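So the chains spell out like this:
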Amino acid sequence: MSEAIIEIQSLSKTFRTKDSEVRALNNINLTIEKGDIYGIIGMSGAGKSTLVRCINMLEKPTEGTVLFDGHDLSSLSSKDLRKVRRSMGMIFQQFNLLMQRTAEQNICFPLELAGVDKTSARKRAKELLELVGLTDRAQAYPAQLSGGQKQRVAIARALATNPKVLLCDEATSALDPTTTTSILALLKDINRRMGITIVIITHQMSVIEEICNRVAIIDNSQIAEFGAVEDIFHRPQTAAAQKLVYPEGKLSDKMISKRCMRIVFDGNSSFEPIIANMVLDCKAPVNIMYADTKDIDGKAFGQMVVQLPQDEALAQKMFAYVRAKGLSAEEVNGYVG
């Protein structure tokens, strides 16, 4: 039976200035279970970064409760809260490394704050540098590292105090696509090998698809939709979810009233020319209206929308062909869902 590590109950956050107030979060309720890789996704300004700062109490909620491993964080003393925060590693978009310290010294820093002796801290740093694949860069300064290497050092630093949870706030936004893929693979490996719960804050649906098992979509300071990633990606129910899953929230105007098939590649099929093979098998052409697919370790991920022939029998044959390949296929017209 699954067990909650983070429970957010009726949480709201209002920022007040002299002349106005801004409701950044409004009645948020979420449960994140131990071992989850949980995505929180939303457009810029939706409130997702404020939410992650409320989880570790860097921002104190205006209303509501955050329970971490059964402890109500708002009821803890400053000393006890600092102790609990050691169980929450934090990874940032801009890495936040100390520029005058080497990679090894950056990893040692949280251990020094926790009162760990230097010999033990250096031993732990060496173990973590090996984990993130940077053994040979221990004495390099941040200025001598690439963006991906800096983020690997930041991940190692976040793991230094043996946290139960890693909070990743747009951790791949400053990285190129190839580096992003390698960082996400590292996080997935850490989750699998160490059982650490990971919370991913992002505005990129591709990041959610690639690594998360559950997701919450935040829109206008509220949770619009949440559930298993597979369910939301296959059939987004709300306008906010559709905007993130589909290009611009809808298919192009030229598609409205035209019959189309949306095919979802979720890693259960090999990366092969499905559409070309379908056209050859059915002996009828199709127009590809939208495609966003990628090959990860020989498996296909992403989605594609094709315009179907008018002939009903041919259209049904194409649906049958795609589904026989183990893919999800649904009919879509204009707005899809």
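Per an unreviewed UniProt entry, the protein chain goes by the name ATP-binding cassette domain-containing protein and belongs to Caproiciproducens faecalis.

S.K.: Sorry, what's going on with the overall build of the protein chain here?
M.R.: Along the protein chain, the regular secondary structure elements total 11 helices and 14 strands. Seen along its three principal axes, the alpha-carbon backbone of the protein chain occupies a region of about 75 × 50 × 40 Å. For the protein chain, buried positions account for 50% of its 337 residues. Here the contacts in the protein chain between residues at least 6 apart in sequence split such that 69% fall between residues at least 24 apart. The positive charge centre, built from 41 side chains, and the negative charge centre, built from 39, are 5 Å apart in the protein chain.

S.K.: Whenever I open this one, the pairing of strand 7 (residues 165–169) confuses me. Can you help?
M.R.: Along any regular strand, the residues point their side chains to alternate faces of the sheet. Among the 5 residues in strand 7, 5 count as buried, and that is most of the element. Taking every second residue as pointing to the same face, both faces of strand 7 are buried, with Val 165, Leu 167 and Asp 169 on one and Leu 166 and Cys 168 on the other. In the sheet, strand 7 pairs with strand 8 (residues 197–202) via 5 bridges, with the strands oriented parallel. Note that in strand 8 the partner of Cys 168 across the bridge is Ile 200. This β-α-β element, strand 7 to helix 6 (residues 177–194) to strand 8, shows right-handed connectivity.

S.K.: What am I meant to see in the pattern of salt bridges here?
M.R.: Pairs can form between side chains of opposite charge once their charged atoms are near each other. Inspection of every chain in the model, using the stated rule, returns 15 salt bridges. We note a salt bridge from Lys 164 to Asp 69, for which the minimum N-O separation is 2.4 Å. Separated by 95 residues along the polypeptide, Lys 164 in the loop between helix 5 (147–159) and strand 7 and Asp 69 in the loop between strand 4 (63–68) and strand 5 (71–72) bring together distant segments of the chain. Here the salt bridges share partners, and the residues they tie into one network are Glu 3, Lys 34, Asp 69 and Lys 164.

S.K.: Sorry if this is basic, but what is going on with the nonpolar core here?
M.R.: Grouped together as the largest cluster of nonpolar side chains are 53 residues, with contacts concentrated most on Ile 155, Leu 166, Leu 187 and Ile 200. In terms of residue count, helix 5 provides more of this core than any other element does, 6 residues in total. With near-sequence residues (within four places) excluded, Leu 187 lies in contact with Ile 91, Ile 155, Leu 166, Cys 168, Ile 198, Ile 200 and Ile 211.

S.K.: How do you make sense of the packing of helix 3 (residues 103–113) against helix 5 when you look at a structure like this?
M.R.: Between helix 3 and helix 5, the least distance of the axes is 8 Å, while the angle of their chain directions is 30 degrees. As the angle between them shows, helix 3 and helix 5 are arranged roughly parallel. Both helix 3 and helix 5 take part in a crossing whose hand is right-handed. In this structure, helix 3 contributes Ala 103, Asn 106, Ile 107 and Pro 110 to the contact, and helix 5 contributes Val 153, Ala 156 and Arg 157. Taken together, the residues of the contact of helix 3 with helix 5 sort by class into 5 nonpolar, 1 polar and 1 charged.

S.K.: Explain the sheet that holds strand 1 (residues 4–16) to me, please; I cannot follow it from the model alone.
M.R.: Strands belonging to one sheet form pairs held by backbone hydrogen bonds; the direction of such a pair is parallel or antiparallel. Read across the sheet, 4 strands follow the order 2-1-4-5 without closing on themselves; strand pairing throughout is antiparallel. Where the open sheet ends on each side, the last strands, each with one partner, are strand 2 (21–33) and strand 5. Two elements, strand 4 and strand 5, share 2 bridges in a ladder whose sense is antiparallel. Following the sheet pairing, Leu 67 is matched in strand 5 by Asp 72.

The rules behind these values
- Residues numbered from 1 in each chain as written.
- Predicted model: local features only at pLDDT ≥ 70, side-chain atom pairs only at ≥ 80, totals over all residues.
- Heavy atoms only, no water.
- Helix = DSSP H or I, 4+ residues; strand = E, 2+ residues; numbered from the N terminus.
- Buried < 20%, exposed > 50% of the residue type's maximum accessible area, 1.4 Å probe, protein only.
- Contact = heavy atoms within 4.5 Å.
- Lys, Arg positive; Asp, Glu negative; His and termini not counted.
- Charge placed at Lys NZ, Arg CZ, Asp CG, Glu CD.
- Pairing = 2+ DSSP bridges.
- Right-handed = clockwise from strand over helix to strand, strands pointing away.
- Salt bridge = Lys/Arg side-chain N within 4 Å of Asp/Glu carboxyl O.
- Core = buried A, V, L, I, M, F, W, Y, C linked by side-chain atoms within 4.5 Å.
- Axes fitted to C-alpha atoms, helices over the stretch in contact; angles between N-to-C directions.
- Parallel < 35°, antiparallel > 145°, perpendicular 65-115°, else oblique.
- Left-handed = near helix turned anticlockwise from the far one by under 90°.
- Nonpolar A, V, L, I, M, F, W, Y, C, P; charged D, E, K, R; others polar.

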